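So you can see what is in the structure, the chains are spelled out below.
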Amino acid sequence: MYLLFCPCIRDQGLRASGITHERDIRAFDQALSRCRSFGIEVRFLPCPETLYLGADRQPATYSERLDTPEFRILLDKLEQEIRSMITAEGSPYAIVGVDSSPTCGVNRTWRSPVGRKAGRGAFLERFPDIPVYDVYAVAACRIYLAGPLFSEAERNWNIRIAEYLRSYAYDVYLPQEIGDSSASRGLDAHLEIFTRNLSTLDTSDFVVAVIDGADADSGTAWEMGYANAKGVPVYALRTDFRMVGATEHVNLMLEQSAVVTRSLEELRDALPFPIPAASSSGKKEQQGRGT
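This one's a predicted model, so the numbers in the text were calculated from it and none came from an experiment.

S.K.: Would you mind going over the sheet that holds strand E7 (residues 142-146) with me for this structure?
M.R.: Within a sheet, each strand pairs with its neighbour through backbone hydrogen bonds, oriented either parallel or antiparallel. Taken together, five strands build an open sheet; the order of strands is E8-E7-E9-E10-E11 and the sheet is parallel. Two strands lie at the open edges of the sheet, namely strand E8 (171-173) and strand E11 (259-261), each paired on one side alone. Taking the axes of each pair of neighbouring strands and ignoring which way they run, one obtains an average angle of 25° across the sheet. Sheet analysis places strand E10 (residues 234-237) next to E11, joined by three bridges and oriented parallel. Looking across to E11, one finds that tyrosine 235 is bridged to valine 259.

S.K.: What is the right way to look at the sheet that holds strand E2 (residues 41-44) in this model?
M.R.: Taken together, the four strands give an open sheet; going across it, the order is E2-E1-E3-E6, and neighbouring strands pair in parallel fashion. The open sheet has two edge strands, E2 and strand E6 (132-134), and neither has a second partner. Direction aside, neighbouring strands of the sheet carry axes that sit 30° apart on average. Note: strand E1 (residues 2-5) against E2, four bridges, orientation parallel.

S.K.: What's the story with the pattern of salt bridges in this structure? I'm lost.
M.R.: Pairing between side chains of opposite charge can happen when their charged atoms approach one another. Taken as a whole and judged by the stated rule, the model has 19 salt bridges. Between arginine 126 and aspartate 76 there is a salt bridge, and its shortest N-O distance comes to 2.6 Å. In this pair, arginine 126 sits in the loop between strand E5 (115-118) and E6 while aspartate 76 sits in helix H4 (residues 69-89), placing the two residues 50 residues apart along the sequence. Taking the shortest distance from any N to any O, the salt bridge between arginine 83 and glutamate 79 comes out at 3.8 Å. Of this pair, arginine 83 and glutamate 79 both sit in helix H4, four residues apart, roughly one helical turn. Through salt bridges with shared partners, a single network forms among Asp76, Glu79, Arg83, Arg126 and Asp129.

S.K.: Even after reading the chapter, I still don't get the environment of arginine 111, so can you show me in this structure?
M.R.: Along the chain, the position of arginine 111 falls in strand E4 (residues 108-112). Spatially, the C-alpha atoms of arginine 111 and alanine 60 are 9.2 Å apart, while their sequence positions differ by 51 residues. For arginine 111, the residues in contact, after removing those within four places along its chain, are Thr61, Tyr62, Ser63, Lys117, Arg120, Gly121, Ala122 and Glu125.

S.K.: What exactly am I supposed to notice about H4 here?
M.R.: An α-helical segment advances 3.6 residues per turn. Residues three or four places apart therefore align on the same side. The first and last C-alpha atoms of H4 sit 30 Å apart over 21 residues, in line with the 30 Å expected at 1.5 Å per residue. Looking at the packing, one finds that the buried side of H4 touches E1, helix H2 (48-53) and helix H3 (62-65). The positive-phi residue at the C-terminal boundary of H4 is glycine 90, with phi of around 95°.

S.K.: I tried to follow helix H6 (residues 152-166) on my own but got confused; where do I start?
M.R.: Here H6 is 15 residues long and its end C-alpha atoms lie 21 Å apart, about the 21 Å a rise of 1.5 Å per residue gives. Taken as a whole, H6 has its buried residues at Asn158, Ile161, Ala162, Tyr164, Leu165 and Arg166.

S.K.: Can you help me understand the environment of valine 250 in this one?
M.R.: Along the chain, valine 250 turns up in the loop between E10 and helix H9 (252-256). You can call valine 250 buried: its relative accessible area is 1%. For the pair valine 250 and aspartate 212, spaced 38 residues apart in the sequence, the C-alpha separation amounts to 8.4 Å. When near neighbours in sequence (up to four residues on either side) are disregarded, valine 250 contacts Ile211, Asp215, Ala216, Arg238, Val244 and Glu255.

S.K.: Where do I start with the pairing of E7 in this structure?
M.R.: In the case of a regular strand, side chains alternate between the two sheet surfaces. Burial runs high along E7: four of the five residues are buried. As judged from the three bridges shared by E7 and E8, these two strands associate in the parallel manner. Counterpart to arginine 142 in the pairing with E8 is aspartate 171. The parallel pair E7 and E8, bridged by H6, forms a crossover whose chirality is right-handed. Judged from the four bridges that link them, E7 and strand E9 (residues 206-210) form a sheet pairing that is parallel. The residue of E9 that forms the bridge with alanine 146 is alanine 209.

S.K.: What is the right way to read the side chain of aspartate 205 from this model?
M.R.: Note on placement: aspartate 205 falls in the loop between helix H7 (187-203) and E9. At 3.0 Å, the side chain of aspartate 205 and the backbone nitrogen of cysteine 141 are in polar contact.

S.K.: I tried to follow the packing of aromatic side chains on my own but got confused; where do I start?
M.R.: Centre-to-centre distance and the angle between the planes together describe a pair of aromatic rings. Within this structure, the stated rule accounts for eleven aromatic pairs. Ring geometry for phenylalanine 123 and phenylalanine 127: centres 5.6 Å apart, planes at 75°, overall edge-to-face. On the accessibility criterion, phenylalanine 127 (0% relative accessible area) is buried. An aromatic cluster is present here, built from Tyr52, Tyr62 and Phe71 joined pairwise through their rings. Over the ring of phenylalanine 44 we find arginine 10, and its NZ or CZ is 4.0 Å from the ring centre. The aromatic ring of tyrosine 170 is capped on one face by arginine 34, whose charged end is 4.6 Å from the ring centroid.

Cut-off values and rules
- Residues numbered from 1 in each chain as written.
- Predicted model: local features only at pLDDT ≥ 70, side-chain atom pairs only at ≥ 80, totals over all residues.
- Heavy atoms only, no water.
- Pairing = 2+ DSSP bridges.
- Helix = DSSP H or I, 4+ residues; strand = E, 2+ residues; numbered from the N terminus.
- Axes fitted to C-alpha atoms, helices over the stretch in contact; angles between N-to-C directions.
- Salt bridge = Lys/Arg side-chain N within 4 Å of Asp/Glu carboxyl O.
- Contact = heavy atoms within 4.5 Å.
- Expected span 1.5 Å × (residues − 1).
- Buried < 20%, exposed > 50% of the residue type's maximum accessible area, 1.4 Å probe, protein only.
- Right-handed = clockwise from strand over helix to strand, strands pointing away.
- Polar contact = N/O pair within 3.5 Å; in protein donor to acceptor, adjacent residues only side chain to side chain.
- Phe/Tyr/Trp six-rings, centres within 6.5 Å; stacked < 30°, edge-to-face > 60°.
- Lys NZ or Arg CZ within 6 Å of the ring centre and 35° of its normal.

Structural data, given as structure tokens:
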């Protein structure tokens with residue numbers, strides 16, 4: 001199993017001049033780092049635009065410079081090469097593209113000077129049988145796992161959730177793994193744990209929050225509220241079948257600020273781009289992130 005990447009994710013020099021920003025480079029690096037950490041194989045597409053127009057080029061839309069018979073012939077040739085590779089190696093899990101690209105756009109693409117058009121770019125649309133994802137979705141893999149950790153049962157459930165998420169190539173920060181698991185600590189340790197957890201919340205892509213129980217744990221509720229205020233998406237996991245109202249499973253403020261899921265499988269399907277990790281080799285490397 002492998003991912004087929006748009007080539008400019010590895011080499012930003014293949015993109016038109018001036019369109020790559022620092023945020024893009026961070027996303028490109030994070031997507032590739034995720035694959036390396038979890039043993040996910042990577043292959044790269046050729047770059048039709050560079051082959052046709054050269055590397056040193058100004059931005060332009062498909063209709064302005066690429067809507068030609070010669071470019072379509074080039075795309076035919078490149079598609080045949082990729083199809084031959086797929087025949088030899090098997091189909092990729094997905095293709096990772098870059099939105100707005102005239103050739104490798106995923107959800108939108110520059111077709112004409114008028115503006116963007118929904119759909120894939122001219123090259124990726126030739127592979128309708130293969131799922132495509134924008135590189136930003138693949139790069140978003142840092143999860144802060146919030147939940148009660150006061151009993152052995154709670155800690156074991158948290159570990160099970162963390163290991164499940166790591167098996168889908170998510171980088172999971174679990175507070176109990178960095179010392180937040182005991183009542184025998186002083187005020188200095190309190191401040192250190194709070195500071196570390198807060199820093200990690202600020203740099204996480206998502207929060208996964210365990211909200212089982214008659215009411216959600218107060219620390220978990222605080223972390224959910226903080227994440228929501230910062231614009232960090234929250235995915236809540238509630239396997240508890242009890243209700244606290246006619247339509248509420250838990251506090252309505254928590255439910256309305258999160259995507260509520262009922263099982264690990266439902267949680268996995270709600271998250272963007274879960275990809276089966278090739279091995280568990282990256283697990284220990286991921287622990288302690290944000291320290």
